[in-house]
Amino acid sequence: MLIVRKYGGSSLADGERIRKAAQSVAGLVAQGHRVVVVVSAQGDTTDLLLAQSRELTKAPDLRELDQYLAAGEQMSAGLMAMALQELGVHGMSLTGAQAGILTDGSHGDARILTLCTDRIRRELDRGRTVVVAGFQGVDRLGDITTLGRGGSDTTAVALAAWLGAERCEIFTDVDGVYDKDPRRFPDAVRLEKIGYDRMLQMAKEGAQVLHDRSVELAKDHQVPVWVRSSFRPGQGTLVCDL
Ligand code: ADP
Ligand code: ASP
Ligand code: MG
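Since the structure is predicted, the reported quantities are computational estimates derived from the model, not experimental observations.

Procedures and definitions
- Residues numbered from 1 in each chain as written.
- Chains lettered and ligands numbered in written order.
- Predicted model: local features only at pLDDT ≥ 70, side-chain atom pairs only at ≥ 80, totals over all residues.
- Heavy atoms only, no water.
- Near = heavy atom within 4 Å.
- Polar contact = N/O pair within 3.5 Å; in protein donor to acceptor, adjacent residues only side chain to side chain.
- Areas by Shrake-Rupley, 256 points an atom, 1.4 Å probe, with all protein chains shown as cover.
- 1 Å grid on protein atoms, 1.4 Å probe; cavity = no way out; pocket = protein on both sides within 12 Å on 5 of 7 lines; lining within 4 Å.
- Sits in = over half its atoms within 2 Å of the grid points.
- Nonpolar A, V, L, I, M, F, W, Y, C, P; charged D, E, K, R; others polar.
- Helix = DSSP H or I, 4+ residues; strand = E, 2+ residues; numbered from the N terminus.
- Expected span 1.5 Å × (residues − 1).
- Phe/Tyr/Trp six-rings, centres within 6.5 Å; stacked < 30°, edge-to-face > 60°.
- Buried < 20%, exposed > 50% of the residue type's maximum accessible area, 1.4 Å probe, protein only.
- Pairing = 2+ DSSP bridges.
- Axes fitted to C-alpha atoms, helices over the stretch in contact; angles between N-to-C directions.
- Contact = heavy atoms within 4.5 Å.
- Parallel < 35°, antiparallel > 145°, perpendicular 65-115°, else oblique.
- Left-handed = near helix turned anticlockwise from the far one by under 90°.
- Right-handed = clockwise from strand over helix to strand, strands pointing away.

### Digging into the site of ligand 2
- Near ligand 2, the surroundings consist of Ser40, Thr46, Glu73, Phe135, Arg149, Gly150, Gly151 and Ser152.
- At 2.7 Å from an oxygen atom of ligand 2 is found a side-chain nitrogen or oxygen belonging to Arg149.
- In the complex, the protein chains occlude 85% of the 270 Å² of accessible area that ligand 2 would expose alone.
- Assessed atom by atom at 2 Å from the grid points, ligand 2 resides in the largest pocket.

### What to know about the site of ligand 1
- Around ligand 1, a shell composed of 17 residues is seen, among which Thr172, Asp173, Asp181, Arg183 and Gln208 lie nearest.
- In the model, an oxygen atom of ligand 1 is placed 2.8 Å from a nitrogen or oxygen of the Asp173 side chain.
- For ligand 1, an oxygen atom lies 2.8 Å from a polar atom in the side chain of Arg183.
- Here ligand 1, which alone exposes 580 Å², has 88% of that area covered by the protein.
- For ligand 1, the cavity whose grid points lie within 2 Å of the majority of its atoms is the largest pocket.
- Of the residues belonging to the shell around ligand 1, the class tally is seven nonpolar, five polar and five charged.

### Looking at helix 1 (residues 15-30)
- With 16 residues, helix 1 extends 22 Å from end C-alpha to end C-alpha; this agrees with the ideal 22 Å at 1.5 Å per step.
- One side-chain oxygen at the N-terminal end of helix 1 lies 3.2 Å from the backbone nitrogen of Glu16; it belongs to Asp14.
- Remark: Gly32 follows helix 1 within two positions and exhibits a positive phi of approximately 95°.

### Quick notes on the packing of aromatic side chains
- Within this structure, the stated rule accounts for one aromatic pair.
- Look at Tyr7 and Phe171: their rings are 5.3 Å apart centre to centre, the planes differ by 45°, and that puts the pair in the tilted class. Here Phe171 lies in strand 9 (residues 167-172) and Tyr7 lies in strand 1 (residues 2-7), a separation of 164 residues in the sequence.
- Residue classification places Phe171 among the buried positions, given a relative accessible area of 6%.

### A word on the sheet that holds strand 3 (residues 91-94)
- A sheet is described by the order of its strands in space; here eight strands give the open sequence 3-6-2-1-9-11-12-10, paired in mixed fashion. Two strands bound the open sheet, and with one partner strand each, they are strand 3 and strand 10 (193-195). Adjacent strand axes in the sheet meet at a mean angle of 20° when their direction is disregarded.
- Where strand 9 lies against strand 11 (residues 225-229), five bridges are found, and the strand directions are parallel. Its bridge partner lying in strand 11, Ile170 is registered against Val227.
- Relative to the sheet, helix 1 contacts strand 1, strand 2 (34-39) and strand 6 (129-133), its axis offset from that of strand 1 by approximately 175°.

### Re the packing of helix 5 (residues 152-163) against helix 7 (residues 212-221)
- Contact geometry for helix 5 and helix 7: axes closest at 8 Å, N-to-C directions at 15°. Taken together, the axis directions place helix 5 and helix 7 in an arrangement best described as roughly parallel. Handedness of the helix 5/helix 7 crossing: left-handed. Residues Asp153, Thr154, Val157, Ala158, Ala161 and Trp162 of helix 5 pack against Arg213, Ser214, Leu217, Ala218 and His221 of helix 7.
- In terms of residue class, the contact of helix 5 with helix 7 is built from six nonpolar, three polar and two charged.

### What about the pairing of strand 2?
- With five of its six residues buried, strand 2 lies for the most part within the structure.
- Here strand 1 runs beside strand 2; their pairing, made up of six bridges, is parallel. Bridging across to strand 2, Tyr7 finds its partner in Val39.
- Viewed along the sheet, the connection from strand 1 through helix 1 into strand 2 turns out right-handed.
- Where strand 2 lies against strand 6, four bridges are found, and the strand directions are parallel.

The following block contains the structure:
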């Protein structure tokens, strides 16, 4: 089975967490699955990078800001590939551009236009576990773009759609989708399943758990998405057609 699995920033916050995530991926590989791992920048890296750029300019050139911010995910990807290799898995990292993620030129809020999956397929066929830097792509000029805050979810769903993956898993710091933000509302109730339309509405209203464009893409391409916790066992929530 081909699985696309995404780890968010809190799931990769330090070396130990990266090792844990890599061990879990290695478990899938040992079961015979082909895996594409999508990674976010570690912890609050993107916020820190934004703060650093603000020390230099209040109105950054958006092309340059993308060039800078995309590095956070690129670093995570390299670390994850190294962690996988340490476990005897043939991990290899790719930036969004190397992974063939083509976007429009709207720096900071780019939309994925298409995916050239040749490279990823070739690497999977060679037995590689491919680690893709989330949140980024490349426009037709060859410039790095970013997909908007939270955009690594969209990278994962797009890869699952274009590769025809059987599963797309979003590993995060909550054990699924709730009827409201479980951090703010202790009485929030976890949902076993949620339809694309309701999920999209929640994402558009600011529920961070999934990037709104990832839900749009999942609906358009009929990708079932599992939202699960990196820290607690469990099936999580299935986002699908209801
Ligand atoms: P990641 O770094 O893994 O991408 P995010 O911080 O982007 O994680 O998204 C997970 C967060 O989304 C949770 O910690 C939670 O506070 C928030 N959230 C908001 N609304 C919801 C909801 N309805 N269900 C689950 N989580 C939600
Ligand atoms: N690192 C980016 C952000 O913080 C993308 C992501 O995490 O999905 O918005
Ligand atoms: Mg997120």
